[in-house]
Amino acid sequence: MEKTEEVEIPIRAMQLTSTEVSGQVEESSVGEQKDTRAKFRMVANSGGVIQHPYWGNFAIDLAGLKVGRKKKPALRDHDSQRIVGWTDSFEKTDEGLIAEGTFTEATEDGREVLSMLRDGFPWQASVYVPPKKVQRLAEGETAEVNGHQITGPGHIFRESSLREVTFTALGA
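Residues numbered from 1 in each chain as written. Predicted model: local features only at pLDDT ≥ 70, side-chain atom pairs only at ≥ 80, totals over all residues. Heavy atoms only, no water.

A. Summary view of the overall build of the protein. When its secondary structure is counted, the protein shows 1 helix and 15 strands. Within the span of the protein, comprising 172 residues, buried residues form 46% of the whole. Once local pairs closer than 6 in sequence are excluded, the contacts in the protein between residues at least 24 apart make up 65%. When the accessible surface of the protein is split by element, carbon and sulfur atoms take 45% of a total near 9400 Å². (Helix = DSSP H or I, 4+ residues; strand = E, 2+ residues; numbered from the N terminus. Buried < 20%, exposed > 50% of the residue type's maximum accessible area, 1.4 Å probe, protein only. Contact = heavy atoms within 4.5 Å. Areas by Shrake-Rupley, 256 points an atom, 1.4 Å probe, with all protein chains shown as cover.)

Now the structure itself:
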């Protein structure tokens, strides 16, 4: 049985990091013209259960995640002043929420994240996902989400919206 209630949630509690992240840089072709801008592919959220400082055992229900427009900011550490690039597409797969996008070389953060990725730095990813419907799990209560079992105390974002993806050095 899902229970919902209105609560005030600190904004930092909605920045959620996945620890299962990969990234790559590649060039792509666009029609007859070759797009030489560097691209990225990341597991923005694995859909798995993570331990979160505010939410306890926590997961985002990917079936209830609204992505909306495909072009969203790709930031560094959730800072809107630290733009790395933008997303071009999203796909929900067995790996989780996959984001593909383009690096910008117009910002220092875009150039630096790209350079560090090329050097082999193990970037992780995070998402900013304000919830619309939260399922609270009491101590010992269990539920299934994205093929995983979660045990309370904990929370599941059953309905939410994706605002941005982030490159981060240290995930949750």
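B. Summary view of the nonpolar core. Residues Met42, Leu97, Phe103, Leu162, Val165 and Phe167 are the most contacted members of the largest nonpolar core, which totals 29 residues. For this core, the secondary structure elements donating two or more residues are strand 3 (33–45), strand 5 (56–60), strand 8 (79–93), strand 9 (96–103), helix 1 (108–118), strand 10 (124–128) and strand 15 (164–168). Formed by 6 residues, the second largest nonpolar core is a distinct cluster that contains Ala59, Ala143, Val145 and Ile156. (Core = buried A, V, L, I, M, F, W, Y, C linked by side-chain atoms within 4.5 Å.)

C. Representation of the confidence of the model for the protein within the structure. Put simply, the protein has an average pLDDT of 87, and 81% of its residues get 70 or more. The low-confidence segment residues 14–25 (pLDDT under 50) makes 55 contacts with residues lying over four places distant or belonging to another chain. (pLDDT = per-residue confidence, 0-100.)

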